[in-house]
Amino acid sequence: MAAGGPAGGAHSVCMVSDFFYPNMGGVESHVYQLSQCLIERGHKVLVVTHAYGHRKGIRYLTNGLKVYYLPLKVMYNQSTATTLFHSLPLLRYIFVRERVTIVHAHSSFSAMAHDALFHAKTMGLRTVFTDHSLFGFADVSSVLTNKLLTVSLCDTNHIICVSYTSKENTVLRAALDPRIVSVIPNAVDPTDFTPDPSRRDDGIITIVVVSRLVYRKGIDLLSGIIPELCQKYPELHFLVGGEGPKRIVLEEVRERYQLHDRVRLLGALEHQDVRNVLVQGHIFLNTSLTEAFCMAIVEAASCGLQVVSTRVGGIPEVLPENLIILCEPSVKSLCDGLEKAIAQLRSGTIPSPETVHNKVKTFYTWRNVAERTEKVYDRVADEVVLPMDERLGRLMSHCGPVTGYIFALFAVLNFLFLAFLRWMTPDSIIDVAIDATGPKGAWTKQYFWGKKGRVKELPSSKNAQMKRKEHNSH
Amino acid sequence: MEERLYRSASGAPIALRPRQHSASCRELAVRCPRLQLRSLSAVTSAVWLAAYGLFVLSENSMVLSAAIFITLIGLIIYLHFVKIDQESLLVIGSLGIQVTSSYASGKESTTFIEMGQVKDVVINEAIHMQKVIYYLCILLQDPGDPQGVSDIVPLFQSSKPRLDCLIEVYKSCQEILEQRKTAPQPSGIK
C-alpha cells in the first residue's frame, strides 16, 4: 500500500472497455496494469467488459481486481453492438451496487466504452476517457467515427491521450478544448523485459519484428525489405512474431526468394513469450504506418535491442534519438536505416544491452502512469457534472445542427429510460457489493500475507466470495 | 420460532424462518409472498377482455369458451409448476443437506445432497435478468480431485433473497459445517 493512501481521497473507479483479457493487446494490458497500480495506491477499481466465450459473469483477478464480463452481443472485431440503450440496465446496476464515482472508458473502437460514458453522464457520474489510437480525417469511416467521438467526448469531464501526437489528433477529431486533454504515456513492465545477450547468436545478425501482421502495421513494407536486405547481407536473419491476415504476404516472399532458413515466422505469441523472442535479436524493426504510442519499441529497447522504426504518429516522442533510428515509411528509407544499424553493430558503436535497459527502465513505469492518472481523477472529482439542460445545450451547440439534435433526443430518451428503471428497481433495493479493493477492501494483503493462523480466523464469507464463479444464469 | 422479514432482489417482501431442531440439525425456510388476488384478477380480466374483443370481431362463441379453458389450465399449471411458496434448506451435520421447494398447489420437490459430496456453502454473484445479484450455492466435491468443484447447486432460486438474508442463512450453514470439520468421524449411530 502506498504510504498514507491517496492524497485526494480514494476513488471508486470503473474501467469500461470492450477489450480486456483474455483478449490480448495494448489496451488490454494498459487497463490491467493501470488497475493494478491504482489498487496498490488504495483505490477501488473494477473492470467492465463483454463476455468472451464461456467467460461471463464476475471474476476476480490478482489483488482482487473485480471483472464483470457482461453477456452482450459482440458485433465486429471484439467490439459490442451499440444501440445506446440496451446496456443501460446492467451498467446502471453495476454503477449503483459498486458505488462508482468515476467511470473511465478506454479506446475509441470500443462501443461499450462510449455507451458507458453516455449512461454515466445521464446518471451524473464523472467521466474520463482514454484514447489509444490515431485516426485519419479523409475516408468515410473516419468521418463517421470522428462525428461519434465528438458527440461522445463533448461533455466528458477529462480525456487522456497516450502521446502528444495522439492528443493533437484527438483534439482535432473531436473538436475539444485542449485544456481538458492530458497526455499520459503508456508504460512497460521493465522487469518483464530484461536483456540477455547470451541468448543471441553473435555469428549472425538477427532482425526481430513483433507485431500483428495487418496492413496498419506496415507488413507490406516488411515484405519489400526482407528480400532486398537478405541479398545484400548473407548473415542476416529475420524473426517475425505475430499472426494476422498479412502472414500470407510474408510466406509468399519467403517462398519466392527461397529464404526458409533465414526468415522464421513464429505465428501468434503469448505475451510472456515476447521477451524470449526479443532477446534473440540484435535489431528491432517496426514498420507501423500509424501508431499513437508504440509499446513494442519500448519493450524492444528495454531488452537492449537497437530499434529501427518508421517516423509516424507518436513514435518520435517515445525514445530519445540515440536509442532509435527513425526512417520514412518506405522500403528504401527503412533499408537505409537498417543498413545504418547493421554498420553500427559491426563497428561496435552500439551501447551494450545492459546500459540501454537501465536507461529505458526509468522512462515508462506503470506506477508513474497510475500516479498521473490519479491526479486526473482528483481533478475530475472536484468538477461538476453538467446537469441535463446544460448537457443538451452543449450537445446541440457543439455537435452540429443535425447530429446534435438527434443525440440530444437520445440523451432525453436515455434519461427517461433511466427514470423508468429507477422506478422499477429503486436504488435502495440494489444490494451494495462488498468491496474487494479500495479502503474497505475485503481483499487486503493481510488475507494472504498474514500468518497462516490469521487466515483461518477470517470470516470465510469473504473468502467464499472470492472464489471464482463458474455459474451464471441469465 | 420467530420469523424475520427481508426483501427479495426484486423488492418483494419475504420471510426467513430458522428452526433449530438440534445442535447439528437446522432448518431454514424462506417464504415468498402468496399469490395476490389482485394480480390474479388482473390477468384473468385481461385475458377475458381480449377474448371478448376477438369475439366481437369474429362473432364466434368458441373464443369465449377457449378463453375460460386457457385461464383455468394456465392457473393450474402456474400453481403446480411455477409458483413456489416456500423454499427450505435442511442442514443435518452428519447426514447432508436437503433442499425442498413447495409449490402453491402443495406439490413438493426435494433434492438431497449427501454430506460427503458437499464441499462448501458459499455466497456468489451472478448476472441474472439485467441484474447482478448475490445468491447462495452449494459447491459439490469433485470425486476425482479433492480441491476441485464438480458442480454448483444454487439455492433459493425462486425467492432470490437479498444479501442480508443470505448472510444470515450462510452463517447458520457454516456453523453446522464447521462442526463437521472439527469432528470428521461420527462415532456410529445413536
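Residue indices follow the written sequence of each chain, beginning from 1 at its first position. Chain letters and ligand numbers both follow the written order, the letters beginning at A and the numbers at 1. Owing to the predicted nature of the model, reporting of local features is limited to residues with pLDDT of at least 70; listing and counting of side-chain atom pairs is limited to 80 or more, with chain, interface and lining totals taken over all residues. Derived side-chain values reflect all non-hydrogen atoms in the structure, with water molecules and hydrogen atoms excluded from consideration.

**Details of the overall build of chain B**
Stated formally: To qualify as a helix, a DSSP run of H or I must reach at least 4 residues; to qualify as a strand, a run of E must reach at least 2; elements of each kind are numbered from the N terminus. The reference for a compact globule is 2.2 Å times residues^0.38; the radius of gyration itself is calculated from the C-alpha atoms. Classification of residues uses two cut-offs on accessible area relative to the type maximum, computed with a 1.4 Å probe and protein chains only: under 20% is buried, over 50% is exposed, and between them is partly exposed.
A count of helical and extended segments in chain B gives 3 helices and 9 strands. For chain B, the sequential pattern of α-helices and β-strands runs β-β-β-α-α-β-β-β-β-β-β-α. Relative to a compact globule of 190 residues, whose C-alpha radius of gyration would be 16 Å, chain B shows 22 Å and is clearly more extended. Taken along its principal axes, the extent of the C-alpha atoms in chain B is 75 × 40 × 35 Å. Burial statistics for chain B: of 190 residues in total, 39% are counted as buried.

**Focus on the overall build of chain A**
Looking only at helices and strands, chain A features 18 helices and 16 strands. Scaling as 2.2 N^0.38, a compact globule of 474 residues should have a C-alpha radius of gyration of about 23 Å, and chain A matches this with 24 Å. Reported as C-alpha extents along the three principal axes, the dimensions of chain A are approximately 75 × 65 × 40 Å. Considering chain A as a whole, with its 474 residues, one finds that 56% of them fall into the buried category.

**Observations regarding the packing of helix α6 (residues 219–232) of chain A against helix α7 (residues 247–256) of chain A**
Residues and elements named next belong to chain A. Keep this limit in mind: Between the N-to-C directions of two axes lies an angle of 0 to 180 degrees, each axis being a line fitted to C-alpha atoms and, for a helix, fitted only over the stretch in contact. Relative orientations are named as follows: roughly parallel for angles under 35 degrees, roughly antiparallel for angles over 145 degrees, roughly perpendicular for angles from 65 to 115 degrees, and oblique for any other angle. Between two residues, a contact is recorded if the distance between any of their heavy atoms is within 4.5 Å. Residue polarity follows a fixed list, in which Ala, Val, Leu, Ile, Met, Phe, Trp, Tyr, Cys and Pro are nonpolar, Asp, Glu, Lys and Arg are charged, and the others, Gly among them, are polar.
Relative orientation of the contacting elements α6 and α7 amounts to 10°, with a least axis distance of 9 Å. With respect to their mutual orientation, α6 and α7 come out roughly parallel. Note on element contacts: α7 touches α6 through V249, L250 and V253, opposite I219, D220, L222, S223, I226 and P227. Of the residues assigned to the contact of α6 with α7, the class counts are 7 nonpolar, 1 polar and 1 charged.

**Comments concerning the pattern of salt bridges**
Residue and element names in this part refer to chain A. Heads up, the condition is: By definition, a salt bridge exists where a carboxyl oxygen of Asp or Glu is found within 4 Å of a side-chain nitrogen of Lys or Arg.
Considering all chains together, one arrives at 30 salt bridges over all chains under this definition. A salt bridge links E251 to R247; its shortest N-O distance comes to 2.8 Å. Linking E251 with R247, this pair stays in helix α7, spanning 4 residues, or about one helical turn. A salt bridge links D336 to K332; its shortest N-O distance comes to 3.3 Å. Here D336 pairs with K332, and both are found in helix α11 (residues 331–347), just 4 residues apart, close to one helical turn. The exposure class of D336 is partly exposed, given its relative accessible area of 40%.

**Looking at the nonpolar core**
Residues and elements named next belong to chain A. Going by this rule: What makes a nonpolar core is a set of buried Ala, Val, Leu, Ile, Met, Phe, Trp, Tyr and Cys residues whose side-chain atoms join them at distances within 4.5 Å. Domain start and stop points were drawn from an automatic or database domain assignment.
Among the nonpolar cores identified, the biggest contains 62 residues, and M15, F20, L65, L278, F284 and I297 are the most heavily contacted of them. Both domains that meet at this core, namely domain 1 (12–187 + 368–468) and domain 2 (197–364), each give it at least three residues. Those residues in contact with M15, other than ones at most four positions away along the chain, are V31, L34, S35, L38, V45, L46, V47, V48, H104, H106 and Y377. Y233, L236, V240 and L259 belong to the second-largest nonpolar core, a separate cluster that totals 30 residues.

**Things to note about the UniProt feature "transmembrane region" (unreviewed entry) in chain B**
Inclusion rule: UniProt positions are given in the numbering used here, feature names are shortened, and annotations may be inferred rather than shown by experiment.
Per the UniProt record, "transmembrane region" (unreviewed entry) is found at residues 40–57 and 63–82 of chain B. Annotated as residues 63–82 of chain B, this span is 100% helix and 0% strand, and its ends, taken at the C-alpha atoms, are 26 Å apart.

**A short note on the UniProt feature "transmembrane region" (unreviewed entry) in chain A**
Residues given the UniProt feature "transmembrane region" (unreviewed entry) here are residues 402–421 of chain A. End C-alpha atoms of residues 402–421 of chain A are separated by 29 Å, and the span's content is 100% helix alongside 0% strand.

**Things to note about the sheet that holds strand β13 (residues 263–267) of chain A**
All names here are of chain A. To keep things clear, this is the line we draw: For two strands to count as paired, DSSP must find a minimum of two bridges between them.
If you trace the 6 strands from one edge of the open sheet to the other, you get β13-β12-β11-β14-β15-β16, paired in parallel fashion. The open sheet has two free edges, formed respectively by β13 and β16 (324–327), since each of these has just one partner strand. Strand-to-strand, the axes of this sheet are offset by a mean angle of 20°, without reference to chain direction. Alignment of strand β11 (residues 205–210) against strand β12 (residues 236–241), held across 6 bridges, turns out to be parallel. Paired with T206 across the strands is H237, a residue of β12. Its contacts with the sheet put α11 on β11, β12, β14 (283–286), β15 (306–310) and β16, and the angle it makes with β15 is roughly 170°.

**Looking at the interface of chain B and chain A**
As a reminder, the rule being used: In short, buried area is how much 1.4 Å probe accessible area vanishes from two parts on joining, totalled over both. In protein, a polar contact requires one atom able to donate a hydrogen and another able to accept it; more generally it is a pair of N or O atoms within 3.5 Å, and residues adjacent in sequence count only if both atoms are side-chain atoms.
At the junction of the two partners, chain B supplies 25 residues and chain A supplies 33 residues. For the pairing of chain B and chain A, the buried interface totals around 2400 Å² over both sides, and the portion due to carbon and sulfur atoms is 55%. Among the residues of chain B in contact with chain A, E125, I127 and V132 of chain B are the three that bury the most area, contributing 29% of the side total. On the surface where chain B and chain A come into contact, there are 3 salt bridges. For the salt bridge of K66 of chain A with E125 of chain B, the shortest nitrogen-to-oxygen distance reads 3.0 Å. Our count for the chain B to chain A interface comes out at 8 residue pairs in polar contact (both at pLDDT 80 or more). Sorting elements by how many residues they give to the side of chain B that touches chain A places strand β7 (residues 118–128) of chain B first, with 8 residues. Among the residues forming the side of chain B that touches chain A, the class breakdown is 15 nonpolar, 6 polar and 4 charged.

**Quick notes on the environment of L88 of chain A**
Residues and elements named next belong to chain A. Tracing the backbone through its elements, the reader meets L88 in helix α2 (residues 88–97). For the pair formed by L88 and I226, sequence separation is 138 residues and the distance between their alpha carbons is 50 Å. In contact with L88, other than residues within four places in its own chain, are H119, N414, F417, L418 and L421.

**Examining the side chain of T170 of chain A**
Residue and element names in this part refer to chain A. Tracing the chain through its elements places T170 in helix α5 (residues 164–174). Overall, the relative accessible area of 0% leaves T170 in the buried class. Polar side-chain contacts of T170 include one of 2.8 Å to the backbone oxygen of S166. The contact partners of T170, leaving out residues within four places of it in the chain, are D131, L153, I159, C161, A175 and L176.

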